[in-house]
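These are the residues of each chain, in order.
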Amino acid sequence: MMQAVLQEAVRLLRTHREGKISLVSHLDADGIAAASILSKALDREGIHHTVTCMKLDQIPDVEPADLILFSDLGSGQLNHLSHLDHCAKIILDHHPPLEYSVHNAVHVNPNLSGYDGSSEISGAGISYLFARALDRENADLAPLAIVGACGDMQDFGRLSGLNREILEDAHSTGLLEYGDDLLLYGRYTRPLFKSLQYFSDPFVPGITGNEFGCKQLLETLNIGKKDVQWVTLSDLSFQEKKILASELVKRSIHHAPPDLGRYIPQMIIGESYSLTHEELSSPLKDCNEFATCLNACGRRGRFEVGIEVAKGNRGIYYDMLVTLLQEHRASIACALENMSNTPVRRISGLQVIDGSGIPDTIVGTCTQMLLGQNGIDTYAPLMAYTPSDRDPDVYKISARCSRLLLYRNIHMGKAMRNAAREAGGEGGGHAPACGAYIPAGHLDEFVQHFAGLLSLQLGQPHG
Ligand code: C5P
Ligand code: ZN
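On a predicted model such as this, the values are computed, not experimentally measured, just so you know. (Residues numbered from 1 in each chain as written. Chains lettered and ligands numbered in written order. Predicted model: local features only at pLDDT ≥ 70, side-chain atom pairs only at ≥ 80, totals over all residues. Heavy atoms only, no water.)

Student: How do you make sense of the layout of surface pockets when you look at a structure like this?
Tutor: Space inside the second largest pocket adds up to approximately 310 Å³. Residue lining of the second largest pocket: 22 residues in total, with D116, S118, S119, L406 and A431 positioned closest to the centre. Here the lining of the second largest pocket is built from residues that sort into seven nonpolar, 10 polar and five charged. (1 Å grid on protein atoms, 1.4 Å probe; cavity = no way out; pocket = protein on both sides within 12 Å on 5 of 7 lines; lining within 4 Å. Points joined across faces, edges and corners; volume = space filled by probe spheres on them. Nonpolar A, V, L, I, M, F, W, Y, C, P; charged D, E, K, R; others polar.)

This is the structure we're talking about:
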């Protein structure tokens, strides 16, 4: 069914190929990966186009063109496209679509064809399917779709559904390899103790956020160092990884709620995805880290740098990307430091933190990283708010939870969308990660609604 709509989208593109064409994508890793795939595919067709990546609240500012391709956004903002009624539109998105009819558009969304857009395919994945429908030769862009899926945290245990098909495309081009490994971040680039220290889903007692504890464990196990130098995860032997994995599983099972304990191993050992042609120590080698690089470019206001690098243009762009990554990490570290003493309120099962002072571009990433830190419970959802950069009378909300809570059938994106609507705002997103914009005067009302809906989902009493 999706093939038919993809073909319709391809026809629409071909009809407008001589017109003014713009790509509008989301300003996160998935969105930038999506824009890179589409831009490369259009370059190959000799189709001139412009590219913009933006935050969701900027959609009303999108300028008209003969044809606009929206990627990784649009489906949740169909109500903000009426000023573009006269423009042809292709929407390539995986967010839950609004029930809203939109003029002059081909809407490609996996949720409309019986797939789960939260877990089975990303915005970059849909964009890839479109590029492949345009020309099979675009199969070499499949690795970027995997980067997008990782950016949206769809690599939970292993990629599944349509992502799996795309993974096979990526693998068969020889550009991507995958296999089971410890699911630590910084496989090729970080000293092992640092990778351990930042591991927080699941929370590992004595390890998560504890540099000293990480070094001590590695010394006890006699792994992690070659001569006096710290090694990275990728330097460990299979046997060493096994020893480390069983220690992490043992510790975190002990700490996990009884009903979730049996899912712990798959949070610690799972598939990892690497790009074969990237250098070993490059932050682009591991698909998850590649995603962070793209995110860094977007959040630092330089999405075009990420797009150039993803399209294969290195040199100066690569140097700029590395600088942006360093700046991004510094700004997150600074924001987390500023928040280390901020109290956490508990409303029913929801943890709420005032993130005022955090730029709205990184409040989502900070919320994610705060889970398991500073006494914040990993096994309860966390929500942060900060004034929006665009309008200080509006709060940007981000919420995150451990992916383990998906086993209790939580869907925070649905709760977020409904609570935001009730409070006169707009929001949505995926099961473990979502966001919203809420008028400042309605924040408390929103929090109450959101906490209540989450309690209902989790079968907890609210009040
Ligand atoms: O902004 P943040 O990173 O917290 O967003 C998490 C997820 O929620 C993203 O997938 C984003 O697209 C989605 N979201 C949404 N509507 C909003 C804000 C965020 O669907 N108003
Ligand atoms: Zn996405």
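Student: I would appreciate a short explanation of the coordination of the zinc ion (ligand 2) in the present structure.
Tutor: Any two of four tetrahedral donors ideally make an angle of 109.5 degrees at the metal, while pairs among six octahedral donors ideally make 90 or 180 degrees. For the zinc ion (ligand 2), every protein donor is listed as D30 (OD), D72 (OD), H94 (NE2) and D152 (OD), and the spread of their distances is 2.0 to 2.3 Å. Mapping the donors of the zinc ion (ligand 2) onto the primary sequence gives the spacing D-x41-D-x21-H-x57-D. With H94 in the loop between strand 4 (88–92) and strand 5 (105–108) and D152 in the loop between helix 4 (142–151) and helix 5 (162–172), this residue pair connects regions lying 58 residues apart in the sequence. When its relative accessible area of 15% is taken as the criterion, D152 is described as buried. (Donors = N, O, S within 2.8 Å, 3.2 Å for Na, K, Ca; no water. Helix = DSSP H or I, 4+ residues; strand = E, 2+ residues; numbered from the N terminus. Buried < 20%, exposed > 50% of the residue type's maximum accessible area, 1.4 Å probe, protein only.)

Student: I would appreciate a short explanation of the side chain of N109 in the present structure.
Tutor: For N109, the location among the structural elements is in the loop between strand 5 and helix 3 (123–134). With relative accessibility at 2%, the residue N109 sits in the buried group. Engagement of the side chain of N109 in a polar contact is seen with the backbone oxygen of H95, the distance being 2.8 Å. A polar contact is formed between the side chain of N109 and the side chain of N111, at a distance of 2.8 Å. Excluding residues within four positions of it along the chain, N109 makes contact with M2, S75, D93, H94, H95 and P97. (Polar contact = N/O pair within 3.5 Å; in protein donor to acceptor, adjacent residues only side chain to side chain. Contact = heavy atoms within 4.5 Å.)

Student: Where do I start with the packing of aromatic side chains in this structure?
Tutor: Two aromatic rings are characterised by how far apart their centres lie and by the angle between their planes. In total, this model carries six aromatic pairs according to the counting rule given. Aromatic rings pair up to connect F156, Y263 and Y407 into one cluster. Taking the ring centre of Y188 as reference, the NZ or CZ of K285 above it sits at 5.9 Å. The positively charged end of K396 is found above the aromatic ring belonging to Y437, 5.7 Å away from the centroid. (Phe/Tyr/Trp six-rings, centres within 6.5 Å; stacked < 30°, edge-to-face > 60°. Lys NZ or Arg CZ within 6 Å of the ring centre and 35° of its normal.)

Student: Please explain the site of ligand 1 as it appears in this structure.
Tutor: Of all residues adjacent to ligand 1, which total 17 residues, the nearest are H95, K396, S398, R400 and G428. Take K396: an N or O atom from its side chain is 2.7 Å from an oxygen atom of ligand 1. In the environment of ligand 1, an oxygen atom lies 3.4 Å from a nitrogen or oxygen atom belonging to the backbone of G428. Burial of ligand 1 by the protein amounts to 87% of the accessible area it has alone, namely 460 Å². Looking at the shell around ligand 1, the element that brings in the most residues is strand 15 (residues 433–439), giving five residues. Among the residues forming the shell around ligand 1, the class breakdown is five nonpolar, nine polar and three charged. (Near = heavy atom within 4 Å. Areas by Shrake-Rupley, 256 points an atom, 1.4 Å probe, with all protein chains shown as cover.)

Student: Help me understand the packing of helix 14 (residues 412–422) against helix 15 (residues 443–458), please; the structure alone is not making it clear to me.
Tutor: To characterise two packed helices, one gives the angle between the axes of the helices and the distance between these axes. Interhelical geometry of helix 14 versus helix 15 gives an angle of 145° and a closest axis separation of 8 Å. The crossing of helix 14 and helix 15 is right-handed. Contacts between helix 14 and helix 15 involve M412, K414, A415, M416, N418, A419, A420 and E422 from the former and E445, F446, H449, F450, L453, L454 and Q457 from the latter. Residues that form the contact of helix 14 with helix 15 fall into these classes: nine nonpolar, three polar and three charged. (Axes fitted to C-alpha atoms, helices over the stretch in contact; angles between N-to-C directions. Left-handed = near helix turned anticlockwise from the far one by under 90°.)

Student: Before we go on, may I ask you to explain the pattern of salt bridges in this structure?
Tutor: It is possible for side chains bearing opposite charge to pair when their charged atoms get close. Evaluation of the coordinates by the stated rule reveals 23 salt bridges. Across the pair R302 and E304 runs a salt bridge, and its minimum N-O distance is 2.6 Å. Each of D181, R187, K241 and D286 takes part in one network of salt bridges that share partners. (Salt bridge = Lys/Arg side-chain N within 4 Å of Asp/Glu carboxyl O.)

Student: What is the right way to read the pairing of strand 12 (residues 382–387) from this model?
Tutor: Looking along a regular strand, one sees side chains alternate from face to face of the sheet. Within strand 12, five of the six residues are buried, which leaves the element mostly enclosed by the surrounding structure. Bridge count for strand 11 (residues 350–354) against strand 12 is four bridges, and the pairing is parallel. The partner of D354 across the bridge, within strand 12, is Y385. As a crossover connection, the stretch from strand 11 through helix 13 (residues 363–370) into strand 12 is right-handed. Examined bridge by bridge, strand 12 and strand 13 (residues 394–400) share six bridges and lie antiparallel to one another. (Pairing = 2+ DSSP bridges. Right-handed = clockwise from strand over helix to strand, strands pointing away.)

Student: How should the nonpolar core be read in this particular structure?
Tutor: Where a protein is soluble and globular, its nonpolar side chains tend to be buried together. Membership of the largest hydrophobic core comes to 69 residues, with the highest contact counts inside it found for L13, L69, I90, V108, Y128, F130 and I146. In terms of residue count, helix 2 (residues 29–45) provides more of this core than any other element does, nine residues in total. Taken domain by domain, this core gets at least three of its residues from each of domain 1 (2–175) and domain 2 (181–336). In this structure F130 touches L6, A9, V10, L13, L38, L69, I90 and L92, once residues within four positions along its chain are discounted. Membership of the second largest hydrophobic core comes to 54 residues, among which are V249, L404, F446 and F450. (Core = buried A, V, L, I, M, F, W, Y, C linked by side-chain atoms within 4.5 Å. Domains from an automatic or database assignment.)

Student: When you look at helix 10 (residues 287–299) in this model, what are you seeing that I'm missing?
Tutor: Between its first and last C-alpha, helix 10 extends 18 Å over 13 residues, near the 18 Å set by a 1.5 Å rise per residue. Counting buried residues in helix 10 gives 11 out of 13 residues, a clear majority hidden from the surface. Every buried residue of helix 10 is listed here: C287, E289, F290, A291, T292, C293, L294, N295, A296, C297 and G298. Where helix 10 ends, the next residue or the one after it, G301, has phi of about 75°, a positive value. (Expected span 1.5 Å × (residues − 1).)

Student: Sorry, what's going on with the domain arrangement of the protein here?
Tutor: Many analyses report the size of an interface as the accessible area lost when the parts associate. Structurally, the protein comprises domain 1 (2–175), domain 2 (181–336) and domain 3 (343–458). Listed by partner, the interface residues are 23 residues for domain 2 and 18 residues for domain 3. Buried surface at the junction of domain 2 and domain 3, both sides included, amounts to about 1800 Å², of which 64% is carbon and sulfur. It is L260, R299 and L336 in domain 2 that bury the most area against domain 3; as a group they hold 27% of the surface buried on that side. Secondary-structure elements contributing two or more residues to the side of domain 2 that touches domain 3 are helix 9 (264–268), helix 10 and helix 12 (316–338). Along the lines of polarity and charge, the residues of the side of domain 2 that touches domain 3 split into 12 nonpolar, eight polar and three charged. (Buried area = accessible area lost by both parts, 1.4 Å probe.)

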